[in-house]
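As a plain string of letters, each chain reads:
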Amino acid sequence: MDTRMPVVETSFWMAFERRAVAAGAAPLVVDGLSGVALSWAQVHAQAEGLAAWLSAQGVTPGAVVSWQLPTGLPSFVLQLALARIGAVQSPLISVYGAAETLAVLRRNQPAFHVVLDGDLAGLDQQAPALLAQMQQPAKLLCLGGPLPQADPADLPPPPADHHTVRWLYATSGTTSEPKGVRHTDESVLRAGRNLALAMAAQPEDVGTIAYPIAHIGGAMYTAMLAASGASVVLLPRFQIAEAVQVFARHGVSLSGGSTAHYQAFLGEQGRSPGPLLMPRLRLLAGGGAPKPPDLVARVQAELGCVLAHAYGMTEAPLVSAGRVDDTPEQLAWSDGAVCDTFEVRLTDAEGRTVATGTEGEIRLRGPGLFKGYTDPALNAQAFDEDGWFRTGDLGRLRPDGHLAVTGRLKDIIIRKGENISAREVEDVLSRHPKVGAVAVIGLPDAERGERVCAVVELRQAGDRLSFAEMVAWFISAQVMRQKIPEQLEVVDTLPRLASLNKVSKAALRERFAHPPRPLPFN
């Protein structure tokens with residue numbers, strides 16, 4: 001254990017405050033677009049002042065408060081202000097549509113709903129109509145340009161415990177309707193501490209949040225900052241050309257997000273051969289989507305930094321994480337060492353533990369796990385009789401303690417009775433020089449039961465990839481014939497969910513469920 005990292009033993013606010021007192025005038029956060037920067041002491045003061053204002057509006061410890069703000073200084077400070085009060089936070093991703101927002105509001109029944117006055121997406125304008133449709137409408141609070149402040153002298157003492165549920169998140173909904181996920185300060189802080197350890201983050205490091213801060217990764221990253229003393233650059237959107245310029249300007253050393261972010265960095269560097277676009281960058285880290293193994297070597301060769309992928313989900317923010325000192329083989333072919341906050345068990349279809357190195361369903365328990373869904377009816381099928389959480393993901397636990405995620409139970413394509421891993425097919429096709437990103441899905445087929453369909457986003461706009469060229473690639477890779485896709489679809493852009501740019505396979509299945517023209521293979 002790195003003794004410089006604090007052990008999780010207190011609330012989210014007190015963990016932040018302890019670091020803020022120690023760091024003082026050291027930089028904490030920069031708004032990437034405006035360049036406005038705040039120190040630890042300044043953020044601490046603003047969060048306490050905002051907490052006092054929220055308290056004056058009626059927000060009390062334990063009150064459920066939903067908020068829907070883009071990534072930026074207001075949302076960064078707001079999460080801390082609510083933690084200072086001890087409210088139960090329900091963050092909503094700012095790109096949610098009205099229907100998705102209303103579904104979460106009805107499920108969590110917040111007493112207050114916070115938006116940003118003059119929000120560019122019009123969230124402040126749509127909020128009154130949405131709140132009116134709730135059974136008990138929440139009180140709408142709009143934050144202005146300078147954040148409202150009040151005297152914190154009248155605030156009650158901050159919460160000290162870390163076992164109370166204070167975070168309500170929504171799953172990304174890649175396979176079904178999003179579920180409400182209940183987290184404590186402990187589970188979020190433990191994830192942040194382990195992320196700091198995996199990245200070997202130091203006070204001189206500069207990280208990034210360029211994905212929705214309302215995702216659980218936002219709170220986890222804030223906890224990472226509190227654990228390490230590093231600073232962060234915030235961007236409300238991830239547009240690669242803009243992001244690279246902003247990150248280089250502020251000396252970013254830690255970045256990432258998900259596989260889509262890694263690929264975007266590689267693509268931008270490839271369009272500007274020569275000096276490194278982000279010369280201080282030493283690490284890309286992230287998760288939320290499968291990582292093709294070949295990206296590790298490409299990132300090292302083309303971006304001059306380490307790629308350390310991780311595995312987690314809304315219910316378990318950081319199950320395993322690649323570390324900066326892992327071997328190239330471990331970085332490429334695993335999703336990191338299992339974190340000390342989890343026990344991991346791999347099981348077969350009957351729930352029996354499988355041997356080390358054998359593929360099975362990943363089941364979890366431990367203090368890093370969520371405290372169940374907001375709908376208690378969902379918990380019976382989510383947890384087995386011994387209290388292990390069934391992730392629905394497949395993987396192998398390696399002898400070195402690293403976890404290799406191999407796919408999802410629902411991502412197994414059953415073709416003529418043969419089980420085919422979509423992840424395995426994706427890994428092969430992702431190595432094709434013309435392929436920028438790929439998603440493999442199973443589609444209904446009268447003859448085969450399911451057929452294998454590869455949906456490809458090309459690396460260069462002018463490229464062409466024919467079906468015959470794809471088949472030849474698989475044959476050259478000596479892949480069994482049954483795994484070669486029978487259908488190839490080339491798209492300009494893969495559909496992605498707001499949460500960490502995950503590919504929406506549900507949208508692809510709906511789009512390409514029609515029979516291909518013709519079925520030329522197998």
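In this report, the structure presented in the accompanying data block is examined.

1. Concerning the environment of D348
Step number 1: Topologically, D348 is positioned in the loop between strand 16 (343–347) and strand 17 (360–365).
Step number 2: D348 gets classed as partly exposed once you look at its relative accessible area, which sits at 23%.

2. Here we look at the nonpolar core
Step number 1: Counting 102 residues, the largest nonpolar core has L54, F76 and F247 as the members making the most contacts within it.
Step number 2: For this core, the element with the highest residue contribution is helix 3 (residues 73–85), accounting for 9 residues.
Step number 3: Apart from residues lying up to four places away in sequence, L54 is in contact with V59, L78, A81, L82, I85 and L141.
Step number 4: One finds A422, V435, V471 and L488 within the second-largest nonpolar core, a separate group that totals 19 residues.

3. Comments concerning the pattern of salt bridges
Step number 1: Here the structure, examined in full by the defined rule, presents 25 salt bridges.
Step number 2: Close ionic contact of E361 with R390 constitutes a salt bridge, the shortest N to O distance being 3.1 Å. One end of the pair, E361, is in strand 17; the other, R390, is in strand 18 (residues 389–397), and 29 residues separate them in sequence.
Step number 3: Sharing partners across several salt bridges, the network here consists of R345, E361, R363, D384 and R390.

4. Side note on the packing of aromatic side chains
Step number 1: The full count for this structure, using the stated rule, is 10 aromatic pairs.
Step number 2: On the basis of an interplanar angle of 65 degrees and a centroid distance of 5.1 Å, the ring pair of F12 and W167 is categorised as edge-to-face. Of this pair, F12 sits in helix 1 (residues 12–23) while W167 sits in strand 7 (residues 165–170), and the two are 155 residues apart along the sequence.
Step number 3: According to the relative accessible area criterion, F12 is buried, its value standing at 2%.
Step number 4: On the basis of relative accessibility, which here comes to 1%, the residue W167 falls in the buried class.
Step number 5: Relative to Y169, the ring of W167 has its centre 6.2 Å away and its plane inclined at 5 degrees; by these criteria the two rings are stacked. The pair W167 / Y169 is uniform in exposure class, with both members buried.

5. What to know about the sheet that holds strand 19 (residues 403–408)
Step number 1: What the 4 strands build is an open sheet, ordered 16-17-18-19; its pairing is antiparallel. The open sheet has two edge strands with one neighbour each: strand 16 and strand 19. Direction aside, neighbouring strands of the sheet carry axes that sit 50 degrees apart on average.
Step number 2: Of the strand pairs in this sheet, strand 17 and strand 18 are connected by 4 bridges, and their pairing is antiparallel. Following the sheet pairing, E361 is matched in strand 18 by L394.

6. Section: the packing of helix 4 (residues 98–108) against helix 5 (residues 123–132)
Step number 1: Close contact between helix 4 and helix 5 brings their axes to 10 Å; oriented N to C, the two are set at 45 degrees. As summarised for this structure, helix 4 and helix 5 are arranged oblique, according to the angle between their axes. Once helix 4 is placed against helix 5, the crossing between them reads as right-handed. Across the interface between the two elements, A98, T101, L102 and L105 from helix 4 touch Q126, L130 and L131 from helix 5.
Step number 2: Residue composition of the contact of helix 4 with helix 5, by class: 5 nonpolar, 2 polar and no charged.

Criteria and thresholds
- Residues numbered from 1 in each chain as written.
- Predicted model: local features only at pLDDT ≥ 70, side-chain atom pairs only at ≥ 80, totals over all residues.
- Heavy atoms only, no water.
- Helix = DSSP H or I, 4+ residues; strand = E, 2+ residues; numbered from the N terminus.
- Buried < 20%, exposed > 50% of the residue type's maximum accessible area, 1.4 Å probe, protein only.
- Core = buried A, V, L, I, M, F, W, Y, C linked by side-chain atoms within 4.5 Å.
- Contact = heavy atoms within 4.5 Å.
- Salt bridge = Lys/Arg side-chain N within 4 Å of Asp/Glu carboxyl O.
- Phe/Tyr/Trp six-rings, centres within 6.5 Å; stacked < 30°, edge-to-face > 60°.
- Pairing = 2+ DSSP bridges.
- Axes fitted to C-alpha atoms, helices over the stretch in contact; angles between N-to-C directions.
- Parallel < 35°, antiparallel > 145°, perpendicular 65-115°, else oblique.
- Left-handed = near helix turned anticlockwise from the far one by under 90°.
- Nonpolar A, V, L, I, M, F, W, Y, C, P; charged D, E, K, R; others polar.

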